[in-house]
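Close look at the chain arrangement
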Amino acid sequence: MPEWINAEITEKREWTDDLLSLRFRAAIGAFKAGQFVRVAMEIDGELVARPYSLVNSPAESELEIFFNIVPDGPLTPELASLNAGDVIKVTDKPYGFLTVEDLPDSRHLWMLATGTGVGPFISILKSGKAWPKFEKVVLVYSVRTARELVYQEVIADISKQYRSQLSFVPVITRELIDGAINQRVTAALETGQLEQMAGIRLNADDSHVMMCGNSAMIADVTNLLKTRNMRKHLRREPGHITTEKYH
Ligand SMILES: Cc1cc2nc3c(=O)[nH]c(=O)nc-3n(C[C@H](O)[C@H](O)[C@H](O)COP(=O)(O)OP(=O)(O)OC[C@H]3O[C@@H](n4cnc5c(N)ncnc54)[C@H](O)[C@@H]3O)c2cc1C
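In short, a report on the structure. Everything quoted here is computed from the prediction, not taken from an experiment.

The next subject is the sheet that holds strand β10 (residues 207-213). The five strands lie next to each other as β9-β8-β7-β10-β11, forming an open sheet whose pairing is parallel. Each having just a single partner strand, β9 (166-172) and β11 (241-245) make up the two edges of the open sheet. Each adjacent strand pair in this sheet contributes to an overall mean axis angle of 10°, direction not counted. Strands in contact with helix α3 (residues 152-161) are β8 (136-143) and β9; relative to β9, the strand with the most contacts, it is inclined by about 150°.

Rendered as C-alpha cells:
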C-alpha cells in the first residue's frame, strides 16, 4: 500500500497568473519518466489529494509538478499559495503506464500534449529513454496563447542536443504566431499540417502515439487515428495509442 510522506517545497515558478510549477524534496521510490504521484494537502481538516505527473527526470534529486489553477477546484488554489519551505504530502509510490518502458516497439514516437499534459513528456525527454528506442520523436504541445507555452528552455536545449531525432511542433490555437500551428490538433491532423511540420507520417506501420491532457482532445484524436487503423495499446493486445486523461 502506498503511504503518505512529507515533501518540502524547494522552489515555486509562476509562469503565468494561473500556471505554476513546484519543486520539492521527498523520499519516494524509484519511478519511470512519465509516471505520476498523488499530492495532498490538509484543507479544512481533510486531506485533499490529486494525481500529478512528475516533470523531472528520474535522475534528478528533486521532484517537480506542473499545474494550472482551476478556480473552483479544491486543491489547485491551495497548491498555488504554497512557497519554498512549506510542506505537503505525496505518495511514496509512483503510478502509471505513460512511459517509454510500457510501449511496444515502433519506429516513431508521437507525444501529443494539451496544456499541463506536457509534464510527463518533459520528464521522458529529459530521461533520455526515448532516443535508443525510436528513430524519431515528435513533441506536439498545444496551448491557447503563446505565453502558456512554457518549459521552452528545456525543450530548446533537448532539441539542440537531439536535432536529428526530435521534432517540436508548437500548437497555439488562439493566436497567430510564426512557427506554430494555429488550429486544433485534430484539424492539423486532418489537413496534414501536423505531419508536414513533424517531417514524418503518422501511420499504423511506423508510429506509436502518446497523448496527455484534456480528455476531449484525446477522444477526438483517438477517433481520427482509428480511421488510420490505429488502436489503443493494451498489455495483452499491443496497439498504437497510449493515453493519460487529466480532466
Ligand atoms: C493520472 C492523472 C495525472 C494528472 N496530472 C496532472 C498534472 O500533472 N498537472 C495538472 O495540472 N493536472 C493533472 N491532473 C489533474 C489533477 O489531478 C487535478 O484534477 C487538477 O489539478 C485540479 O485539481 P482541483 O482539486 O483544483 O480540482 P478538481 O476537483 O480535481 O477538478 C475540478 C474540476 O476541474 C476540472 N479540471 C481538472 N483538471 C483541470 C485542468 N487542468 N484544467 C481545467 N479543468 C480541470 C475537473 O474535471 C473538474 O471538473 C492529473 C489527473 C490525473 C487523473
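And the narrative resumes.
Here we take up the sheet that holds strand β4 (residues 46-53). Each strand in a sheet pairs with its neighbour through backbone hydrogen bonds, running either in the same direction (parallel) or in the opposite one (antiparallel). Reading across the sheet, the six strands line up as β4-β3-β6-β1-β2-β5 and stay open at both edges, with antiparallel pairing between neighbours. Every other strand in the sheet has two partners, leaving β4 and β5 (63-68) as the edge strands with one partner each. The mean angle between the axes of side-by-side strands here comes to 40°, regardless of whether they run parallel or antiparallel. By the bridge criterion, five bridges tie strand β1 (residues 4-16) to strand β6 (residues 87-91) in an arrangement that is antiparallel. When the sheet's bridge partners are listed, I5 is paired in β6 with V90.

Around the ligand sit 18 residues in total, of which R50, P51, Y52, N68 and T76 are the nearest. Burial of the ligand by the protein amounts to 73% of the accessible area it has alone, namely 880 Å². Those elements that provide at least two residues to the shell around the ligand are β4, β5 and β11. A class-by-class count of the residues in the shell around the ligand yields nine nonpolar, six polar and three charged. Taken together, domain 1 (4-91) and domain 2 (100-245) each give at least three residues to the shell around the ligand, which thus spans both.

About the thresholds
- Residues numbered from 1 in each chain as written.
- Predicted model: local features only at pLDDT ≥ 70, side-chain atom pairs only at ≥ 80, totals over all residues.
- Heavy atoms only, no water.
- Pairing = 2+ DSSP bridges.
- Helix = DSSP H or I, 4+ residues; strand = E, 2+ residues; numbered from the N terminus.
- Axes fitted to C-alpha atoms, helices over the stretch in contact; angles between N-to-C directions.
- Contact = heavy atoms within 4.5 Å.
- Near = heavy atom within 4 Å.
- Areas by Shrake-Rupley, 256 points an atom, 1.4 Å probe, with all protein chains shown as cover.
- Nonpolar A, V, L, I, M, F, W, Y, C, P; charged D, E, K, R; others polar.
- Domains from an automatic or database assignment.

These figures come from the coordinates and say nothing about function on their own.
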